[in-house]
Amino acid sequence: MGLYTTTNPATGETLATYEEISDAELQDLIARSDAAYRSWRTTSPDERRAVLSRAAEIHRERSEELAALLTLEMGKPAAQAQGEVALVASIYQYYADHVEEFLADEPLEISGPGTAVVRTEPIGPLVGVMPWNYPYYQVARFAAPNIALGNTVILKHARNCPQSALVVERVLTEAGLPDGVYLNAFISSAQVADAIADPRVQGVSLTGSEKAGAAVAEVAGRNLKKCVLELGGSDPVIVLDDADIDAAAAAAATGRLANGGQACTASKRFLVQAGVYDEFVRRLVDQMAGWTPDDPTSTDTKMGPLSSASAAGELDELVEDAVSQGAELLLGGGRTGEESAFYRPTLLGGVTSRMRAYSEELFGPAGVVYRFDSIEDAIELANDSPYGLSSSVFTSDDEKAQQIAESLETGMVWINSTSRSAPDLPFGGVKRSGFGRELARFGFNEFANKKLVRNA
Ligand code: NDP
């Protein structure tokens, strides 16, 4: 049987292992989830609000302790780990505050006699498959709206953050969630497929790689189950001649390097207009150079290790591939040691479409900078990607910004800022970045039965 393992990426030390559960134990979890659904769906918005509010409160009360586990399991710098916990608290709080509003009937204006309303009802037990890059946040985006809606959740987390996975379940239980409404499951990919296929389960949400997304969507499709996918991204940041270059460079560095660059909406491609290209690159290099990889437990550290030594190795292959084909190393780069998980901030120029770094996702602290002349060129380059998650435009001309926003094939566009996440903003992409939306009212409605009740 496969293992779920805590390995501190900063030291390479393995600290804890957990075995996958058996097929019989998974059956038991599905039965508990199903039984819990039958009663949880009948609870009042007030009961749900109380649990969600308490979950938010626990995150605020125990911020340091919860954050420390993120630092331990995936190397997130302490200050950013606390930032994640605060964001998660705000997500639980947001759904606590909006549960009643989001569950309210929507009366329809109809042409005939009588009345028609759309009710918002839950659909049943759901499976969530989540990654390690934001262990609490990724779960909260899926679990909070669905708990508020009345669904139940079986959660398969990434196998390198088992303690964070267990803590999510513990916190929700402590917040008063009844048995079975949220269940952690240390299961294999094959067992994920079994769970999706089970007739009691009504849907699945996955955040992770395209490969995992395709595997899960295939099983969901075959079994006619609703599926939401939040996959990779290669977000472009377009900087026009009239932008505030200082602000753009500072935002770009943070957008690329926060969380060690391991975010689907990290800024990965910098498209800079010719008139400010040299200036922008100089400032971006200066900014990025200040992100020295260091001990993630220190609150002064901005960048820790990547999630594993192998993740650093994979990033290095993409950088090496580009450099070996003539790309210019503007800053960096590379690992701090041969088997190290620490990777220096890296910036590439002169990347062409033959190189892997042109079209593949750089899931770590390495960015690519491109020069463009016309706005049309920028849009073409930005859209020449298999991904379509988020994007940014820096300019002082709002009209131009709006035009560019309209032309970008992405699920999100940020003007004069890089991408962020907040409970009240929908999150999701197009193309190979996936489908469906998380957070805000949109996330609440993904696994809802929008039931028409027509009284003739
Ligand atoms: P994966 O997509 O492999 O892992 C994400 C989750 O999916 C994990 O829980 C994983 O479980 C699970 N999973 C993987 N394959 C299957 C499957 N066939 N059926 C069911 N569940 C599955 O990501 P990695 O950690 O391997 O990272 C690889 C790349 O994925 C990154 O370099 C990045 O490009 C992308 N990624 C994107 C993220 C995002 O936020 N959009 C987050 C993480 C990664 P298990 O751990 O057991 O394999």
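Structure shown above.
The structure presented is a predicted model; accordingly, all values stated were derived computationally and were not measured.

All right, on to the overall build of the protein chain then. Counting secondary structure elements, the protein chain contains 15 helices and 20 strands. Scaling as 2.2 N^0.38, a compact globule of 456 residues should have a C-alpha radius of gyration of about 23 Å, and the protein chain matches this with 23 Å. Expressed along its principal axes, the backbone C-alpha trace of the protein chain runs to roughly 65 × 60 × 40 Å. Within the protein chain, the proportion of its 456 residues that are buried is 56%.

Further remarks concern the sheet that holds strand E5 (residues 125–129). By definition, the strands of a sheet pair up through backbone hydrogen bonds, in either a parallel or an antiparallel sense. Taken together, the six strands give an open sheet; going across it, the order is E7-E6-E5-E8-E9-E19, and neighbouring strands pair in mixed fashion. Strands with a single pairing partner mark the edges of an open sheet, and in this sheet they are strand E7 (182–184) and strand E19 (434–435). The pairing of strand E8 (residues 203–207) with strand E9 (residues 226–230) spans five bridges and is parallel. Each residue of the ladder has a partner; that of Ser205, found in E9, is Val228.

Judged by pairing direction, the sheet is antiparallel, and its three strands sit side by side in the order E3-E4-E20 without closing on themselves. Each edge of the open sheet carries a strand with a single partner, namely strand E3 (106–107) and strand E20 (448–455). As defined by bridge partners, E3 adjoins strand E4 (residues 115–122) across two bridges and the pair is classed as antiparallel. Across the sheet, residue Glu106 finds its bridge partner in E4, namely Val118.

With that out of the way, let us pick up the environment of Gly232. With respect to the element layout, Gly232 can be found in the loop between E9 and strand E10 (235–239). Along the sequence, Gly232 and Val139 sit 93 residues apart, while their C-alpha atoms lie 17 Å from each other. Leave out the neighbours within four places in its chain, and Gly232 touches Gly208, Glu361, Tyr387, Leu389 and Ser433.

So, about the pattern of salt bridges. Under the criterion given, the structure shown has 29 salt bridges. Notably, a salt bridge pairs Glu100 with Arg49, separated by 2.8 Å at the nearest N-O pair. Placement of Glu100 in helix H4 (residues 78–103) and of Arg49 in helix H2 (residues 45–61) is noted, with a sequence separation of 51 residues between them. By relative accessible area, which is 46% here, Glu100 ends up partly exposed. Note that Asp246 and Arg283 form a salt bridge whose closest N and O atoms lie 2.8 Å from each other. Here Asp246, found in helix H9 (residues 245–257), pairs with Arg283, found in helix H10 (residues 274–289); they are 37 residues apart in sequence, far enough to count as distant. Taking the relative accessible area as the measure of exposure, Asp246 reaches 46% and is therefore partly exposed.

Ranked by size, the top nonpolar core spans 55 residues in total, and within it Tyr92, Tyr95, Tyr136, Ile147, Leu172, Leu177 and Tyr182 carry the most contacts. Sorting the residues of this core by element identifies helix H1 (23–40), H2, helix H3 (63–74), H4, helix H5 (135–149), strand E6 (152–156), helix H6 (162–174) and helix H15 (440–445) as the ones contributing at least two each. Counting residues per element, this core draws most heavily on H4, at 11 residues. Every residue in contact with Leu177, bar those within four places of it in the chain, is listed here: Trp40, Val51, Ile147, Leu172 and Tyr182. Core analysis: the next-biggest nonpolar cluster, separate from the first, contains 29 residues, Ala311, Ala322, Tyr343 and Ile404 among them.

Attention now moves to the site of the ligand. Taken together, 23 residues lie around the ligand, and Met130, Trp132, Arg159, Ser209 and Glu361 are the ones closest in. Interatomic distance of 2.6 Å between a side-chain N/O atom of Ser209 and an oxygen atom of the ligand. Taken by itself the ligand offers 870 Å² of open surface, and the protein chains cover 77% of this. Contributions of two or more residues to the shell around the ligand are made by helix H7 (189–197) and helix H8 (210–222). Sort the elements by how many residues they give to the shell around the ligand and H8 lands first, with three residues. Partitioning the shell around the ligand into residue classes produces 12 nonpolar, seven polar and four charged.

The buried count for E5 comes to five of five residues, which makes it a mostly enclosed element. Inspection of the sheet shows E5 paired to E6 by five bridges, in the parallel sense. Opposite Pro125, over in E6, you have Thr152 as the bridge partner. With H5 bridging E5 and the parallel E6, this β-α-β connection has right-handed handedness.

Here we take up H9. With 13 residues, H9 extends 18 Å from end C-alpha to end C-alpha; this agrees with the ideal 18 Å at 1.5 Å per step. Listing the buried residues of H9 in full gives Ile245, Ala248, Ala249, Ala251, Ala252, Ala253, Gly255, Arg256 and Leu257.

Moving on: the state of the cysteines. As enumerated under the stated definition, the model contains zero disulfides in all. Counting only cysteine sulfurs, Cys264 is the nearest neighbor of Cys161, a cysteine outside any disulfide, at a range of 15 Å. Classification of Cys161 by relative accessible area gives buried; the value is 0%.

The omega torsion of the bond from Gly332 to Gly333 falls at 0 degrees, within 30 degrees of zero and hence cis. With respect to the helices and strands, Gly333 occurs in the loop between strand E12 (328–331) and strand E13 (346–349). A positive phi is found at Lys431, a non-glycine position, where the angle reads about 55 degrees. On the secondary structure map, Lys431 appears in strand E18 (residues 430–431). By relative accessible area, Lys431 is classed as partly exposed at 37%.

The rules behind each value
Residues numbered from 1 in each chain as written. Predicted model: local features only at pLDDT ≥ 70, side-chain atom pairs only at ≥ 80, totals over all residues. Heavy atoms only, no water. Helix = DSSP H or I, 4+ residues; strand = E, 2+ residues; numbered from the N terminus. Rg over C-alpha atoms; globule rule 2.2 N^0.38 Å. Buried < 20%, exposed > 50% of the residue type's maximum accessible area, 1.4 Å probe, protein only. Pairing = 2+ DSSP bridges. Contact = heavy atoms within 4.5 Å. Salt bridge = Lys/Arg side-chain N within 4 Å of Asp/Glu carboxyl O. Core = buried A, V, L, I, M, F, W, Y, C linked by side-chain atoms within 4.5 Å. Near = heavy atom within 4 Å. Polar contact = N/O pair within 3.5 Å; in protein donor to acceptor, adjacent residues only side chain to side chain. Areas by Shrake-Rupley, 256 points an atom, 1.4 Å probe, with all protein chains shown as cover. Nonpolar A, V, L, I, M, F, W, Y, C, P; charged D, E, K, R; others polar. Right-handed = clockwise from strand over helix to strand, strands pointing away. Expected span 1.5 Å × (residues − 1). Disulfide = S-S within 2.5 Å.

Nothing here speaks to function; it is geometry throughout.
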